Amino acid sequence: MAAAKTKSRNILGKLSFGIVTGLENAFHTYGAAISKRPFAFIIACLALTGLCSIGLINFTVEERPFKLWIPQDSDFMRVMAWQKENFPAEYRLHVAIYEADNVLDKSVILEMLRIHEAVASASTAAASWSDVCAKMPTITNNYFSRRRRSVSQEIASGFYSEPVAVPRAKRENEETDWSTVLDRETYCGFYDKIDQECMEHSILELWGYDRTYIEDLTPEEIINDVNLEEKSAVFGFPTNFTEFLGDIVRDEKGRIIKAGASRQMWITHINLTAIDAGEFVDDTGTGMEVDKLSFDWEKELIKAVLDEKERPKGINLFLMASSSFGMISQATIMGDVQYLALGFGVMFMYVQVMLGKFNLVEQRPVLSLMGLSCVGMSIFTSYGICSAFGVPFGPVNNILPFLLLGLGIDDMFVIMQAWSNLNPSEKKEKLGERIGLALKHAGVSITVTSVTDFAAFAIGSGTVLPALRSFCLYAAVGIAAVYAFQATFFVAWFALDQQRLEDKRHGFVWFWKPKNWTPNQCSQKDLCQTFFHDVYAKYLFKLPSKITVILITIAILAVSGWGLSNLRQEFNPIWFLPQSSYLFKFFMKQEQYYPTAGEMGTIYFGRMNYFEEMPKIEELVNRLEASDTISEVDSWFAKYKAYWEKQAIQVPETDENEEEFFDKLSIFLHSPSGSRHRIRNFRFDGIINCTDPAPPILASSIEYRHRPFSGAKEQIEAMDNLKALIKEIGFAGEVNAWARIYSGWETDKIIEKELYTNMGLAMLVVFLVTLMLIANLYMSLMVLLCVVMTLVDVGALMHWWGLTIDTVSCIDIVLAIGLCVDYAAHIGHTFMKKEGSRDDRARLTVATIGPAVLNGGFSTFLAFIFLANSDSHVFITFFKIFFGVVLYGLFHGLVFLPVLLSMVGPASYSSIVDSPTRERGEMDPNTQAPGSDVEGKVAFRSPDEKMASAEPTETDSLTPVKNIDANGCMENGKSKLKGANLNNISDSEGSETVAVLLDPVNEKNNENTKL
């Protein structure tokens, strides 16, 4: 019979025998060795941790968004590098939004003026507003001599008339441009002497920030000025003041009579000389290098604007400073790490309750603490090794301790469950042998889950997204470390703790041995084990229960499939801000009051012959203005052309040469309509002045604004179309479109592909690893089925819970693959080791490993439950996704898979080869079957021996049997062992020993079959 079985072994059977036997023997030897020299292994683990921690010297935190969320070979990063080298940013924008019932009320305007004065007074020890602000010349027609004449005075003098709305274009044509009136020498002499003012923009420019003037305004005058005036009283430039207003209300004539919001802007200048000298700060929020004086002053700006002490009731203010994003996102993620301490504390109490018993001796506080210490050691090991190899630490990596905490506790519970499942004969062995046997049973199971987790993250590390790559590398090393420490450090402490327990010493104070100690009866009850053994396993496998489970699973999968189909793809850096922060509120108000304001972008032009390229520049501007994806174009070329055509000069003139072009460009860039373009849109190879032609152009730019889009698909299409348009025109030099928001759009463009690629590869590797370690194709496919269904359910939950496919959720989903496979893999591996009918094996599987799986899942949930209160998008996304992973993972692992296995489960290992998991005379763990009051009894008969009970008890009923055939029938045919488990076990001498396990579930079968 044995020879026949050997011949029938297939390749997978041989692989199963080799892998399982080899791993179990290795773990058995390893566990026994640890128990003999626990202190040596403890010291070795601590030394390894210390050695790896040396790498923390090279620990680097990466917080720059462009180094985290965007492929480093993308167009965005390429153009950004070019811009930094050729057109470095010199200005930083800071915006405040005022909200009130009517921001055109004088009380709101006076509050805006108070904030203006507070900002002007803000200073540090080294810099004031005038030191850091960007400045422009004040080219006004009346030299700020505009005077107010009240409505009442005009009526009294008989000169009052109802204001008449004049078209803006007509008013602009009627404005006097002194650069076209005066000769160049006179104008430039005046221009060089005029004052420059700090760049601050709001409706306050209508009145030149004159407090006396503003305090004397009437409501009618405010309305008239807002509707009619379109030139700044400060700078003299044409300005559309209605763009500062939001939630506008107009009367029947179209005049603005009310507004719910108003914007106020400050622009600061970056000192590039200080940056070249190394005196700068790397602003993580914008990715810009900012001189220290300006960066420090921005902090004072934030304090001054957000100070609410003097703010009138009914007026709300929302601020965005350029440095706000970096400061807030960093503080939020680092601040939420406090939840890790709470998670460890709660986990310690839970582990203590589950591992120990409620009495002085059998409690295990030290062992629980050492088990949690394995997580801490794995964190140091992971951070140290990755830092040593130069892998930066990203903000998402802060969730890694929570992940390792859940996985480490899971391994701990599996090891302790294997210890509890030792049969009576095994429990009589010496401590070292018992620990070896426990690790033998648990080792393969935790290896399956740990290797699959490691493989999932190793695959994820191949992504093009830097943040995901960093997290996967740290996670892969951490998982390998926590697996090794739990199998070594924890087992070593368990050996010491068990010695202490068997010597009846105090669980916390080990040198204290309570006198006359006996355990109280209550502490000997294991409610979780009792529930699984006597209740859950008994009723789950009844036919009505099976039908119900299958129907519920199908229903959940169908509904979840619909939910998953509605999951959107969208990434927005704003989500990294806490919802309680002032910056997040600012963006929400901006979206509310300025919904038509699309995203701003810039087209950069590098070195080229601008004179020869003018027709192409004009074509580009015209096609941008005609594009249905562009709502606004702010082009220096359009203004340049209008400036000269207003003087009846064609652009370009027929006989014009390049030198004349640069001369005309210089005149335009010093005119009222061109000065702002000189400051913002050009970089020259030299200093430009009013009286001479402009130097050669190194770089220039044109601003544009996209129209609002409904989703990522439209955004990506608009970005790609614009890039294609520039390429189609065919400029002779470097020309690129770039917008800060393109970082998110380019990420959206590849994130879905990255997600499904990583998911597919991770599941393939998980399947292959599971197949290699479980060594059964059908079981591996069933485990993979549970993983796929869990991911579908989690994807639907993401949609219903307001999440989208972004970089953070992509990381969490890849992470979820590694975690949800644990639950199913434990069940699948244990099922393969059990013998008997499918129902019997499923019952024994649930009763044996079920408590450990539940404890592992619940402990994982406890590890991150406090993140539900987090303000961080990273942590709240992690909580939501992992809540679904634990919920659906446990359902498919503990409910659906056992039922499926009881119906179509594959044969056990021992049905393929001689049992690699049994030694001669060894009983199957937990021989009392679920739902049965009678222990399963094993009897052995060799040709020359009588049968004997492995553990005789009062309930044993063993009688000699003459012969038992291979089908479990007595020789006389009068009695048949229904449902009996029959094993052929060859001893070391080759003699056959037949082990008969009476039906552990159906007592009637036992009554009919007495050995």
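What you are looking at is a predicted structure, and each value in this text was computed from that prediction instead of being measured. (Residues numbered from 1 in each chain as written. Predicted model: local features only at pLDDT ≥ 70, side-chain atom pairs only at ≥ 80, totals over all residues. Heavy atoms only, no water.)

**Quick word on the overall build of the chain**
Now for step 1: When its secondary structure is counted, the chain shows 34 helices and 18 strands.
Now for step 2: Counting all 1011 residues of the chain, 56% fall into the buried class.
Now for step 3: When the accessible area of the chain is evaluated, it comes to approximately 43300 Å², of which 56% is carbon and sulfur surface. (Helix = DSSP H or I, 4+ residues; strand = E, 2+ residues; numbered from the N terminus. Buried < 20%, exposed > 50% of the residue type's maximum accessible area, 1.4 Å probe, protein only. Areas by Shrake-Rupley, 256 points an atom, 1.4 Å probe, with all protein chains shown as cover.)

**Remarks on the state of the cysteines**
Now for step 1: Counted according to the given criterion, the structure contains two disulfides.
Now for step 2: Paired by a disulfide, Cys133 and Cys198 hold their sulfur atoms 1.9 Å apart. The sign of the -55° torsion about the S-S bond sets the Cys133-Cys198 disulfide as left-handed. Residue Cys133 is found in the loop between α6 (129-132) and β2 (135-137), and its partner Cys198 is found in strand β3 (residues 196-198); the two are separated by 65 residues along the sequence. (Disulfide = S-S within 2.5 Å.)

**Considerations on the packing of aromatic side chains**
Now for step 1: Per the stated rule, a full pass over the model turns up 44 aromatic pairs.
Now for step 2: Aromatic pair Trp493 and Trp510: ring centres 6.2 Å apart, planes at 65°, arrangement edge-to-face. Highlighted residues: Trp493 in helix α20 (residues 466-502) and Trp510 in the loop between α20 and α21 (527-539), separated in sequence by 17 residues.
Now for step 3: One aromatic cluster is present, formed by Phe611, Trp636, Phe637, Tyr640, Tyr643, Trp644, Phe661, Phe662, Phe668, Phe682 and Phe684 through successive ring pairs.
Now for step 4: Between the NZ or CZ atom of Arg263 and the centre of the ring of Tyr594, over which it lies, the distance is 3.9 Å.
Now for step 5: Across the ring face of Trp644, the terminal group of Lys664 is positioned such that the distance to the ring centre comes to 5.8 Å. (Phe/Tyr/Trp six-rings, centres within 6.5 Å; stacked < 30°, edge-to-face > 60°. Lys NZ or Arg CZ within 6 Å of the ring centre and 35° of its normal.)

**Quick notes on helix α28 (residues 712-729)**
Now for step 1: Compared with an ideal rise of 1.5 Å per residue, which puts 18 residues at 26 Å, α28 spans 26 Å between its outermost C-alpha atoms and is within 8% of the ideal.
Now for step 2: Looking at the buried residues of α28, the elements they touch are β10 (600-605), α24 (610-626), β13 (697-706), β14 (735-738) and α29 (742-774).
Now for step 3: The positive-phi residue at the C-terminal boundary of α28 is Gly730, with phi of around 80°. (Expected span 1.5 Å × (residues − 1). Contact = heavy atoms within 4.5 Å.)

**Examining the nonpolar core**
Now for step 1: Core analysis: the largest hydrophobic core is formed by 274 residues, its most contacted members being Ile203, Phe471, Ile603, Phe605 and Leu665.
Now for step 2: Top element by residues in this core is α20. It accounts for 19 residues. (Core = buried A, V, L, I, M, F, W, Y, C linked by side-chain atoms within 4.5 Å.)

**Section: the packing of α24 against α28**
Now for step 1: Here α24 crosses α28 at 150°, and the two axes come no closer than 10 Å. Taken together, α24 and α28 sit at an angle that is classed as roughly antiparallel. Considering the relative orientation of α24 and α28, their crossing is right-handed. When α24 is examined against α28, the residues Lys616, Glu619, Leu620, Arg623 and Leu624 are found in contact with a partner set consisting of Leu722, Leu725, Ile726, Glu728 and Ile729. (Axes fitted to C-alpha atoms, helices over the stretch in contact; angles between N-to-C directions. Parallel < 35°, antiparallel > 145°, perpendicular 65-115°, else oblique. Left-handed = near helix turned anticlockwise from the far one by under 90°.)

**What about the pairing of strand β9 (residues 316-320)?**
Now for step 1: By the criterion of burial, β9 is predominantly enclosed, with four of the five residues buried.
Now for step 2: Note that strand β1 (residues 91-99) and β9 share five bridges and pair antiparallel. Residue Tyr98 lies in a different strand from β9, and its bridge partner there is Leu317. (Pairing = 2+ DSSP bridges.)

**Topic: the side chain of Asn227**
Now for step 1: Positionally, Asn227 belongs in helix α12 (residues 219-228).
Now for step 2: Given a relative accessible area of 19%, Asn227 falls into the buried group.
Now for step 3: Within polar-contact distance, the side chain of Asn227 engages the backbone oxygen of Ile223 at 2.7 Å.
Now for step 4: In this structure the side chain of Asn227 is engaged in a polar contact, spanning 2.7 Å, whose partner is the backbone nitrogen of Ile256. (Polar contact = N/O pair within 3.5 Å; in protein donor to acceptor, adjacent residues only side chain to side chain.)

**Thoughts on unusual backbone geometry**
Now for step 1: Residue Pro652 is bonded to the preceding Val651 through a cis peptide linkage, with omega at -10°.
Now for step 2: Tracing the sequence through the fold places Pro652 in the loop between α25 (636-645) and α26 (658-669).
Now for step 3: Despite not being glycine, Asp247 has its phi angle at roughly 55°, a positive value.
Now for step 4: Mapped onto the fold, Asp247 is located in strand β5 (residues 245-250).
Now for step 5: In the Ramachandran plot, Ala648 falls in the positive-phi region, its phi being about 65° despite a non-glycine side chain.
Now for step 6: The topology assignment puts Ala648 in the loop between α25 and α26.
Now for step 7: For Ala648, a relative accessible area of 72% translates into the label exposed.

**So, the pairing of β14**
Now for step 1: Of the two faces of β14, the one lined by Val735 and Ala737 and the one lined by Asn736 and Trp738 are each fully buried.
Now for step 2: Bridge count for β10 against β14 is four bridges, and the pairing is antiparallel. Residue pairing across strands places Ile603 opposite Ala737, the latter belonging to β14.

**Things to note about the confidence of the model for the chain**
Now for step 1: Chain-level pLDDT for the chain is 80 on average; 82% of the residues reach the 70-or-more range.
Now for step 2: Here residues 1-9 is modelled with pLDDT under 50, and outside its nearest four sequence neighbours on either side it reaches nine contacts, counting other chains as well.
Now for step 3: Throughout residues 914-1011 the model reports pLDDT below 50, and contacts reaching past four residues in sequence, or to other chains, amount to 190 contacts. (pLDDT = per-residue confidence, 0-100.)

**So, a nonpolar patch on the surface**
Now for step 1: Where nonpolar side chains cluster on the molecular surface, the patch consists of Leu48, Leu51, Ile54 and Ile57 and spans about 440 Å² of accessible area.
Now for step 2: Mapped onto the fold, Leu48 is located in helix α3 (residues 38-53). (Patch = residues over 30% accessible without salt bridge, like charges linked within 9 Å, V, L, I, M, F, W, Y side chains within 5 Å. Salt bridge = Lys/Arg side-chain N within 4 Å of Asp/Glu carboxyl O.)

**Regarding helix α32 (residues 838-864)**
Note on helix geometry: an α-helix contains 3.6 residues per turn, so any two residues three or four positions apart are oriented the same way.
Now for step 1: Given a rise of 1.5 Å per residue, 27 residues ought to cover 39 Å, and the 36 Å separating the end C-alpha atoms of α32 matches this to within 8%.
Now for step 2: Most pronounced at Ile849, the bend in α32 amounts to some 50°, and the proline Pro851 follows within four residues.
Now for step 3: Counted residue by residue, α32 has 23 buried out of 27 residues, so it is predominantly covered. (Bend = angle between axes of the 7 residues up to and from the residue.)

**Some words on the pattern of salt bridges**
Now for step 1: Applying the stated criterion to the full structure yields 38 salt bridges.
Now for step 2: With a closest N to O distance of 2.7 Å, Arg184 and Asp663 form a salt bridge. You can see Arg184 sitting in helix α10 (residues 184-193) and its partner Asp663 sitting in helix α26, a full 479 residues away along the chain.
Now for step 3: We classify Arg184 as partly exposed; its relative accessible area is 25%.

**Some points on the environment of Met798**
Now for step 1: Within the secondary structure, Met798 sits in helix α30 (residues 777-800).
Now for step 2: For the pair Met798 and Ile881, spaced 83 residues apart in sequence, the C-alpha to C-alpha distance is 6.8 Å.
Now for step 3: Beyond its immediate chain neighbours, meaning those up to four positions away, Met798 contacts Leu567, Leu803, Thr804, Ser809, Ile813 and Ile881.

**Considerations on the side chain of His201**
Now for step 1: On the secondary structure map, His201 appears in strand β4 (residues 200-201).
Now for step 2: On the accessibility criterion, His201 (17% relative accessible area) is buried.

**Some words on the packing of helix α31 (residues 807-833) against α32**
Now for step 1: Between α31 and α32, the shortest axis-to-axis distance is 8 Å and the interhelical angle comes to 150°. Taken together, the axes of α31 and α32 are roughly antiparallel relative to one another. Like other packed secondary-structure pairs, α31 and α32 cross with a definite hand, here right-handed. Where α31 approaches α32, its residues Leu819, Tyr823, His826, Ile827, Thr830, Phe831 and Met832 are matched on the opposing element by Arg838, Arg841, Ala842, Thr845, Thr848, Ile849, Val853, Gly857 and Thr860.
Now for step 2: Here the residues of the contact of α31 with α32 are counted per class, giving eight nonpolar, six polar and two charged. (Nonpolar A, V, L, I, M, F, W, Y, C, P; charged D, E, K, R; others polar.)

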